[in-house]
Amino acid sequence: MTLTLKELVKELERYSPDIVQDCGYPISAVRLFSRKELSADQGVLFIGRAEELPDIPPVGRISFLVAGSDVPESYLRPEAGCTLVTVSESADTHLLCNTVWKLLEEEVHTSKNILKLLKVKKSKTTLQELMDLGYEILGNPLLLVDVSLCFIAHAGGNSSSQEPLWEWTLSRGYVSDQYIEQIHMDMMEDLNSDSPRNDFIWEKGILNHNQLVYKINDNGKPLAYLKVLALNKPISGSDQEIVEALGNCILYFLLESTNTYTPSSPLAESFFIALLNEKLYDEDAVEERIHQFNIKLYDYITLLVIELTEDYMQDISKVYMLKRVLQNFLARNTIIYYKGYLVAVFDTKTDTLFSESDERQFANLLEKQNCRAGISYTCKNLYSLPEQFSQAVSALNTSWKLHHKERIVKYSDYLLQHIFLNYADRESLNYLVHPAISDILKMDADKRELFLDTIRGYINNGTEISAASKKMYLNYNTLKYRINRIVEMTGLDFGDAQTIFRLQLSFMILDMKKQMLSGDGQ
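Reading guide: rules and limits
Residues numbered from 1 in each chain as written. Predicted model: local features only at pLDDT ≥ 70, side-chain atom pairs only at ≥ 80, totals over all residues. Heavy atoms only, no water. Helix = DSSP H or I, 4+ residues; strand = E, 2+ residues; numbered from the N terminus. Expected span 1.5 Å × (residues − 1). Buried < 20%, exposed > 50% of the residue type's maximum accessible area, 1.4 Å probe, protein only. Salt bridge = Lys/Arg side-chain N within 4 Å of Asp/Glu carboxyl O. Pairing = 2+ DSSP bridges. Axes fitted to C-alpha atoms, helices over the stretch in contact; angles between N-to-C directions. Contact = heavy atoms within 4.5 Å. pLDDT = per-residue confidence, 0-100. Parallel < 35°, antiparallel > 145°, perpendicular 65-115°, else oblique. Nonpolar A, V, L, I, M, F, W, Y, C, P; charged D, E, K, R; others polar. Core = buried A, V, L, I, M, F, W, Y, C linked by side-chain atoms within 4.5 Å.

1. Topic: helix α12 (residues 385-401)
In a regular helix each residue adds 1.5 Å, so 17 residues correspond to 24 Å; α12 covers 24 Å between its end C-alpha atoms and thus fits that length. When you tally the buried positions in α12, you get 12 out of 17 residues, the bulk of the element. Those residues of α12 that sit buried are L385, P386, Q388, F389, Q391, A392, V393, S394, A395, L396, T398 and S399.

2. Considerations on the pattern of salt bridges
Evaluation of the coordinates by the stated rule reveals 11 salt bridges. The partner of R332 in a salt bridge is D347, with the nearest N and O atoms 2.8 Å apart. Placement of R332 in the loop between α10 (316-330) and β12 (335-338) and of D347 in strand β13 (residues 341-348) is noted, with a sequence separation of 15 residues between them. Where D511 meets R456, a salt bridge forms, and the shortest distance between an N and an O atom there is 3.2 Å. You can see D511 sitting in helix α18 (residues 497-520) and its partner R456 sitting in helix α15 (residues 445-460), a full 55 residues away along the chain. For D511, a relative accessible area of 29% puts it in the partly exposed group. Salt bridges linked by common partners bring R49, E51 and E89 together as one network.

3. A look at the sheet that holds strand β15 (residues 408-410)
If you walk across this open sheet you meet the five strands as β12-β13-β11-β14-β15, and the pairing is mixed. For this open sheet the edge positions go to β12 and β15, each flanked by a neighbour on one side alone. Within the sheet, the average angular offset between the axes of one strand and its neighbour, ignoring direction, is 25 degrees. When strand β11 (residues 300-307) meets β13, the two strands line up antiparallel, connected through eight bridges. Its bridge partner being in β13, T302 is matched across the sheet by F346. Docked against the sheet, α12 engages β11, β12, β13, β14 (372-375) and β15, running at close to 40 degrees with respect to β11.

4. What about the side chain of T398?
Turning to its location among the elements, T398 is positioned in helix α12. According to the relative accessible area criterion, T398 is buried, its value standing at 3%. Aside from chain neighbours lying at most four places away, what touches T398 is Y414, Q417, H418 and L421.

5. Regarding the confidence of the model for the chain
Scored by pLDDT, the chain comes out at a mean of 82, with 86% of its residues at no less than 70. No element of the chain has a lower mean pLDDT than helix α5 (residues 177-192), at 55, and none a higher one than β14, at 97. Here residues 257-264 scores under 50 on pLDDT; set against residues more than four positions off or in separate chains, the count is 17 contacts.

6. Comments concerning the packing of α15 against helix α17 (residues 476-490)
Running from amino to carboxyl end, α15 crosses α17 at an angle of 110 degrees, the nearest separation of the two axes being 10 Å. The angle between α15 and α17 places the two elements in the roughly perpendicular class. Residues L450, F451, T454, I455 and Y458 of α15 lie in contact with α17, whose contacting residues are L479, R482, I483, R485, I486 and M489. For the contact of α15 with α17, the class distribution of residues is eight nonpolar, one polar and two charged.

7. Some remarks on the pairing of strand β4 (residues 62-67)
The two faces of the sheet receive side chains in turn, since in a regular strand these alternate between them. Burial within β4 is extensive, with six of its six residues counted as buried. A two-sided burial pattern is seen for β4, the buried positions comprising I62, F64 and V66 on one face and S63, L65 and A67 on the other. Alignment of strand β3 (residues 44-49) against β4, held across five bridges, turns out to be parallel. By the bridge assignment for β4, L45 is matched with S63. Where β4 meets strand β5 (residues 82-87), six bridges bridge the pair, whose relative direction is parallel. Bridge pairing links I62 to C82 in β5.

8. Quick look at the pairing of strand β9 (residues 211-218)
Burial runs high along β9: seven of the eight residues are buried. Sheet topology places strand β8 (residues 200-203) next to β9; four bridges connect them, and they run antiparallel. Residue pairing across strands places E203 opposite Q211, the latter belonging to β9. If you look at the hairpin formed by β9 and strand β10 (residues 221-229), you'll find two residues sitting between the two strands, and N219 has a positive phi there, around 55 degrees.

9. Digging into the nonpolar core
Generally speaking, a soluble globular protein has its nonpolar side chains buried in company with each other. One finds F271, F272, V343, L382, F389, I455 and F494 to be the most contacted residues of the largest nonpolar core, which totals 58 residues. Residue contributions to this core peak at eight residues, all from α18. Other than its neighbours up to four places away in sequence, I455 contacts I437, I440, I486, L492, F494, L503 and F507.

10. Remarks on the packing of α10 against helix α11 (residues 356-369)
A pair of packed helices is captured by two measures, namely the crossing angle of their axes and the spacing between those axes. For the pair α10 and α11, the least separation of the axes is 12 Å and the interaxial angle reads 170 degrees. Of the possible angle classes, the one that applies to α10 and α11 is roughly antiparallel. Where α10 abuts α11, its residues L322, V325, L326 and F329 lie against D358, Q361, F362, L365 and Q369. A class-by-class count of the residues in the contact of α10 with α11 yields six nonpolar, two polar and one charged.

11. Regarding unusual backbone geometry
Positive phi is not limited to glycine here, since S16 has a value of about 55 degrees. Mapped onto the elements of the fold, S16 is located in the loop between α1 (5-11) and β1 (18-21). We note that K339 has phi near 55 degrees; this positive angle belongs to a residue other than glycine. Looking at the secondary structure, you find K339 in the loop between β12 and β13. In this structure K339 comes out as exposed when scored by relative accessible area, which is 61%.

Dropping the structure here:
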C-alpha cells in the first residue's frame, strides 16, 4: 500500500505543510537524509532539513519533505522532476519520520484487512460470517439495516448495553421513530452541504457514542445502511476505508437472492425440518443439500428450543414476531417453527455458547417474552439435530417436573434427573436410594435431618473433616464424632468411591422428590 501526497499533507497540518512541487509520486517508504548521504530510490519519501539538500537534485522519481524554506533554486524547476513539500523551520525531522512511518503502517494494515474481506467474499461465505469478520477487524459493533431501517444482521451488538436505540433495534427488528427523525435530519444536512456527495453519515447527537453510517448503494440506488458504533474505540480514517470495503462486499450478498442472509429461506427451513424429522439420514445427501442451499455454519452447533406459552399458540403472528426478535438477538436466520416450538440452530466458532453477559441478556429477553429455552449439548454436524432436539425438550420437561422456573434450561444440568425420571415413577426411585440413607429416613425428624446434613456436607467437601467443618460452621471434633457415630450405626465406608457415588445419587433423588412434592402442594 502507498500514501499519496494529499493524504500525507492532510495528516501533517500541524506542521503547516506547503506543497512546492507535486509530481504525483506514490510513497511506499520513508528515510532521513543528509547532504552526504542521499540515494535516488523510487517510492521513498526523504525527510530532512532544507539546508541539507544537495545543490543538484538526484535524478529519478524522488519525493522530499523538508523543514524550512531555504530550498535550492534547482529543485524548483520543472525539469528537476521531484516532489517537494516544506514544513515549518521548527519541525523535528525525526518526529516527522516517525509520523510518516505510522501512516504507512496504518495503510498496510488497512490494505491487509481489505484483502481479507475480499477473500471472504470470494469464498462464498455467509453474510453473518462477513459481519463477524468486520467486527473482528474494526473492534466495534456493526448493525446492518435495509432502506426501511429494518434489521438485517449484526455483529457484536449484544455488547452495546449502553445504547438503548441499538437494544431497541435488536429486540424489535426495526428502529424507533426518534431515530428515524434524527437520521433524516442528518441526510438532509448532508444533501444541503456544498461538499461532494458522501456515502458516510456521522450520527453524534442521538446516541451515547458516535456512530458512522455507510450508505450501501447499487448504481446510486440505496439498498441498506451499515452502522458502526464507536463503543470500544474511536473510528479512524483507516476504519472508514475498511467500512467502505465491507459495505461493498455486503452489496454482493444483498444482490445475490440465493444467499442465506434473507430472514426467511423456505428451502433452508424445509431442509432443517427434514433433518429434525429424520427424513434425511444419508450423510452424502445431507452434505449435498448443505452445498446446494449454500448453508455455511461455524464448527460448533447447539440447538436452542424455545418453549411457547398458550398466548403464542393462539396467535401465530406473535410466533413470527418472536422469531424475528430471536433472529436479531442471536444474529442467526436459522430459526424455524417446529412441533409447537421455535428451534434455533445456533452455530459458534468455539464450544462456548454464550459469554456470561450474553447469557444474562438472553435470559432477560426470554423473561420479557415470557418464554423459556431448552439448550442441547453441542455437536459438530447437522446429523445430530434430532437427538439435540430431544435433549433440549427433555431439559424443559424435566425442569417443569421439578418445578424449576429458570429461563435458560441446559440439558447438561438435567441429564441425570432426566434419566432417573425416565427410569421410574416417584415411588420406584426409592430403589436407587442407598439402604443406609433409607434407614436414616425412618428416624425421628431431628436425628434424620442432623445425620443427613452431616453426610451431605462431609461428602460434598471430599470427605475432608477440616474442610467440611469450616463450611458447615462446626467444631472439628463435633463433626468427627458425628461421622464416627454414623459409621457405627450404618456401616458406611466413606473411603469407598462406589459408596460415595451412591450417596450422591441418593441425595439427588431426595432433592428431586422434594421438589416434585413442593410443586404438587402449590
